[in-house]
Amino acid sequence: MKKLVILGAGESGAGTAVLALKQGYEVFVSDMGAIKPQYKQLMEAHHVPFEENGHTEALILDATEVVKSPGIPNDAPLIRKLVEKGVPILSEIEFAGRYTNAQFVCITGSNGKTTTTSLIYDIFCRAGYNVGLAGNIGKSLALQVAEDDKQWYVVELSSFQLDNMYDFRAHIAVLMNITPDHMDRYDFCFQNYVDAKMRITRNQRPDDAFIYWQGDPVIMKEVEKLAASTFPKEALMPFTATTPLPVPDAELSLKGVHNRLNATAATLAARKAGISDEVIAESLRQFAGVEHRLQFVCEKNGIRFINDSKATNVNSCFYALGAMTMPTLLILGGKDKGNDYSEIDELVQQKCHTLVYMGLHNEKLHEHFDGMQGCDGKPLNIIDTNNLADCVRLSYDAALQWNKHAGADKSSECQSTVLLSPCCASFDLFSSYEDRGNQFMQAVRNL
C-alpha cells in the first residue's frame, strides 16, 4: 500500500487526506503548528491519523509520496531531506487531478487572478454548469473530488502551487501578468518566479487554450520560447486592452483598466468553454467583485476609506493607485518580500499627500519614500505605526487635517481617500490579508 504523507493540515491538506483514504492510500498528516478545529473534526470523522505542533521525521521520511502545503518553502530542512531521498513532492492540485475527469480552468498571475477566477466562476454558475471553485479560493479541490466531483473546476493557482505540479493539465489556462513577487521564495531571481508561473502551460494540447495578456513584456518573452518549442500553437489565445467584450465598457460592473483586462480574460475563457455572450454579458454587468480588493468601506466627514488589503505586492498597489480619483493617503507596509517600490513612485507623487507605514519593520519604506514630493507639491507627510489601531486613527486625523488646509484654497468638494494597499504580506501583524482587511474595516467603522 502506498503511504501518502501530507504536510500541513489546512484546507488543502485535510481535503487531500480524505481523498487519499478513499483512493486506498495509507495516510498520515503532520502540521508544525496547531490544527484548526474544523480540520481536526474533518480528519477525525474520516479516521485520519495526524499530529500537530511538530513533525515526526521518521514517519514523514518513510512516505511513498508527499503532498505539502504551498506555504512550506522548498528549502525547508525536511523538504530537502525528502528531495535527497527521492520522495516525490506534490501539490494538492496535482494529487486531486489524478482522480477526476473534470475540465479545468486555471488562472494565475501576479495580480488580478482572484477577481478573474471569481468572475469566471460566476459566469459558469449563471450558465448552469456543474462547477466547483478551488485553489487559493473556494473549497479544497481534493475534498470536492472525493465527495462531490464536478464536471468543471475553476482554480486559482499561486506560483507555490504550480511549483509542485507535473502531470496536471489545465484545459483552459489563464495568465494575467507577471511582475516581481515572492522574490524571497525564489532566491531573489525573477526568472525563477517567471518559470513557476509558466508551468500553467504544462501538458496542454492543441484543443486546449492558453489565454494571456499581450501587453505584458515578460509574458511575451515567454510566449516566444513556447513558440520555439513543441507547445501547440493552436492553443495560444492572446488578448489586449481593446479586445471586444459582449458589453460596452461603460456597463462593466468593475471599473478601471485592470478590471477591463480581468473581464476580457474571463470572457475568452467562458467562450472557450461554450458559454454564450448573453450569459457572459449578464455577469459582466452584475458581478460585485471580491472582498479586500478595492473594497469601499465607508465615507466619514468627506473621507473615503478603501480596503485593498489583497494588494500584497507592489504591482497590485500600482493598479489601486491608478484607480484613485481623489488626493490619497496610502497605508502600506507589512512583511516585505523583496519589493521594489520604485514601480509606484510616479503614482505616489501624482496622487498621494500622506504615506502611513504599518509594520514591525518600516526601515525600507523610510529609506525609499521619505523626502519624496507628494501631490500637493510638498514633501510627503510620513506617519510611522506598528499597529492597526494607531494606523487607522492617525490616518483619519491626517486626512481631516489635509482636507482642512487644502479646502482653504479650493472648493468645498475637496476630499481625501484613505487607501489600505500595503504592497506587502500580512504576516508580521496579521494571520492573513483577510484578517488585515477585516480588522481595518472594523476599525474604520468604529471611528
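Draft legend 1. Main features of the packing of aromatic side chains. A full pass over the atoms with the stated rule returns 15 aromatic pairs. Ring pairing ties together the aromatic residues Phe 160, Tyr 186, Phe 190 and Tyr 193, which thus form one cluster. Across from the ring centre of Phe 160, 3.6 Å away, lies the NZ or CZ of Arg 185, which sits over that ring.

Draft legend 2. Just the environment of Thr 385, in detail. Structurally, the position occupied by Thr 385 is in strand β16 (residues 381–385). For the pair Thr 385 and Tyr 357, spaced 28 residues apart in sequence, the C-alpha to C-alpha distance is 5.8 Å. Among residues more than four places away in sequence, those in contact with Thr 385 are Val 356, Tyr 357, Met 358, Gly 359, Asn 362, Asp 390, Cys 391 and Leu 394. Within the structure, the side chain of Thr 385 is placed 2.8 Å from the backbone oxygen of Tyr 357, a separation counted as a polar contact.

Draft legend 3. Main features of the pattern of salt bridges. By the definition in use, this model includes 17 salt bridges. The shortest N-O distance in the salt bridge between Asp 62 and Lys 3 comes to 3.7 Å. Of this pair, Asp 62 sits in the loop between α3 (57–61) and β4 (65–68) while Lys 3 sits in strand β1 (residues 3–7), placing them 59 residues apart in sequence. When its relative accessible area of 8% is taken as the criterion, Lys 3 is described as buried. Asp 207 is the partner of Arg 169 in a salt bridge, and the nearest nitrogen-oxygen pair spans 3.8 Å. Of the two residues, Arg 169 is situated in the loop between α8 (159–163) and β9 (172–175) and Asp 207 in the loop between α9 (190–198) and β10 (209–213); the sequence distance between them amounts to 38 residues. Here the salt bridges share partners, and the residues they tie into one network are Asp 122, Arg 126 and Glu 282.

Each value, and the rule that gives it
Residues numbered from 1 in each chain as written. Predicted model: local features only at pLDDT ≥ 70, side-chain atom pairs only at ≥ 80, totals over all residues. Heavy atoms only, no water. Phe/Tyr/Trp six-rings, centres within 6.5 Å; stacked < 30°, edge-to-face > 60°. Lys NZ or Arg CZ within 6 Å of the ring centre and 35° of its normal. Helix = DSSP H or I, 4+ residues; strand = E, 2+ residues; numbered from the N terminus. Contact = heavy atoms within 4.5 Å. Polar contact = N/O pair within 3.5 Å; in protein donor to acceptor, adjacent residues only side chain to side chain. Salt bridge = Lys/Arg side-chain N within 4 Å of Asp/Glu carboxyl O. Buried < 20%, exposed > 50% of the residue type's maximum accessible area, 1.4 Å probe, protein only.

Nothing here speaks to function; it is all geometry.
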